[in-house]
Amino acid sequence: MSNPGDLNDTPIESKAQLVAILADGAKPQTAWRIGTEHEKFGFVLPGDRSGREAYSPPAYKPEGIEALLEALKGDGSSWQAIEDKEQLIGLKGQGAHKGESISLEPAGQFELSGKPVATLHETRSEMAAHFEALREPAKALGLGFAPLGFQPLWPRDAMPIMPKSRYAIMRRYMPLVGSMGLDMMTRTCTVQVNLDFGSEEDMARKMRVSLALQPLATALFANSPFYEGKPNGFLSNRANVWTDTDNARSGMPACCFEDDFGFESYVDWVLDVPMYFIMRDGQIHDVAGASFRDWLEGRPQPQLAGFTPTLGDFEDHLTTVFPDVRLKQFLEMRGADAGSPEMMLAQSALWVGLLYDPATLVEAEKLVKEQTWSVYEALRAEVPGKAMDAAFPGGLRNLAKRVVSLAEQGLRARGLGEEIYLAPLMKIADGGQTQAEYWLDRYHGPWKGDVRFIFDEAAV
């Protein structure tokens, strides 16, 4: 979402301007970078002296998320405050942290958006430095953090709400368009990697490959088998939630698999996704459900009366669509549960390996085209419950072996020794457990049915 004062107030006069916003993201291969974003759940540590229940989610304040942001901000030399109506809702990196940001998901899930870096080794270092910087101030507040795909213990009404204007609009609108939107907002965490493209053709190829293979990624990174303290039959309950959150703005848009897919195709899809909000004079206006296309074409809509659509409005609207791979001026891979640091790094490694070596990308596209679009759609529906045991022609583990092998090929071509980060995925492809299956064994074994142990064992 645009910050007040950053909004591009240029009026929209043609669809070509919107296409140009996406096209302007194209970069030469030498400028391609890796941006990793990861979320984690906060929890109250056992023995906390404030009277809070152990493992409960921390509130915004007191001695909660706001205090943690303040502690990390310090004197402001490393982090600058991001505020919404004078409430601290995030941090923007300064100095050595320039290009990074810390933000809050609706229930206080803590997210680091990493800076664009050249290598996966830098991604690993950035992730480790973030966890190290977070650990002591969090402990001083009686808090810990665990990256899991779905809140394993607490019901939705026990989750706190962060003071972010955009989220108030979503909380009102989500129940109107899906049964699990509020769960998505308050009880899920993900990890994603943001990657560049070189041209419209390169973008289309990367979109086609990555979108088709997101269900495989969901299976490999499944890490959310619990619901309110018990198994509920899903290995990625986070992915299950996305099957009925808001299907008009999520999933696998069919246009991406059409032969003529390009920037304009994506713009057309986005224009038909219902709007959430617009910003004017630093204030957010609720226009949820309005049509951006009708607004552009001058058809009256009460929520938008008196407002002229701007490029900034479209840029904000781009952030409110949630397909499994999202196109902005880069591509966001969105199909994986948050997990252990090793697995979150492996997620970045998988997509860098597949998409950043041109020869490997061509091979990956050939592999994807062995099946029809409908096969990948069917796989997406099945993997939340079955993960690597989901049905797929020739077997999903066989597909995983082929895909991870291609990713290894692509990373070796980069010549940086980054292929070591694929090791956890190779084990799963060869028959090893997903993270979710490991936790289920712990639950039925040494935990003796007490899911609270997961917070300590998954803590970073």
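The structure this text deals with has already been given above.
The following refers to the structure shown. (Residues numbered from 1 in each chain as written. Predicted model: local features only at pLDDT ≥ 70, side-chain atom pairs only at ≥ 80, totals over all residues. Heavy atoms only, no water.)

Focus on the overall build of the chain
Here's step 1: Along the backbone of the chain there are 17 helices and 15 strands.
Here's step 2: For a compact globule of 460 residues, the expected C-alpha radius of gyration is about 23 Å, and the chain comes in at 21 Å, within 12% of that figure.
Here's step 3: Residue pairs at least 24 apart in sequence account for 73% of intrachain contacts in the chain once pairs closer than 6 positions are excluded. (Helix = DSSP H or I, 4+ residues; strand = E, 2+ residues; numbered from the N terminus. Rg over C-alpha atoms; globule rule 2.2 N^0.38 Å. Contact = heavy atoms within 4.5 Å.)

Focus: helix H4 (residues 165-177)
Here's step 1: Taking the largest bend as the criterion, H4 deviates by roughly 30°, centred on Arg 171, and proline Pro 175 comes between one and four positions later.
Here's step 2: Packing partners of the buried residues in H4 comprise strand E2 (79-84), strand E4 (101-104), helix H5 (181-187), strand E11 (277-280), strand E12 (283-286) and strand E13 (322-323). (Bend = angle between axes of the 7 residues up to and from the residue.)

Focus on the pairing of E4
Here's step 1: Relative to E4, strand E3 (residues 87-93) is paired through three bridges, and the arrangement is antiparallel. Each bridged residue has a counterpart across the sheet, and for Gly 90 the counterpart in E4 is Ser 103.
Here's step 2: Where E4 hands over to strand E5 (residues 110-113), the hairpin turn is made up of five residues, of which Gly 108 adopts a positive phi near 90°. (Pairing = 2+ DSSP bridges.)

A short note on helix H16 (residues 435-444)
Here's step 1: When H16 is considered as a whole, its buried residues turn out to be Gln 435, Ala 436, Glu 437, Trp 439, Leu 440 and Tyr 443.
Here's step 2: Residues of H16 that are buried sit in contact with strand E8 (226-227), strand E9 (230-231), helix H11 (341-355) and helix H17 (453-458). (Buried < 20%, exposed > 50% of the residue type's maximum accessible area, 1.4 Å probe, protein only.)

Digging into unusual backbone geometry
Generally, phi is negative for residues other than glycine and the peptide bonds are trans, each holding for most cases.
Here's step 1: Cis geometry is found at the peptide bond from Lys 61 to Pro 62, where omega equals 0°.
Here's step 2: On the secondary structure map, Pro 62 appears in the loop between strand E1 (34-44) and helix H2 (65-73).
Here's step 3: Unlike most non-glycine residues, Tyr 55 shows phi in positive territory, near 75°.
Here's step 4: For Tyr 55, a relative accessible area of 9% corresponds to the buried category.
Here's step 5: Even without glycine at this site, Lys 85 takes up a positive phi of about 55°.

Purely geometric numbers; function is a separate question.
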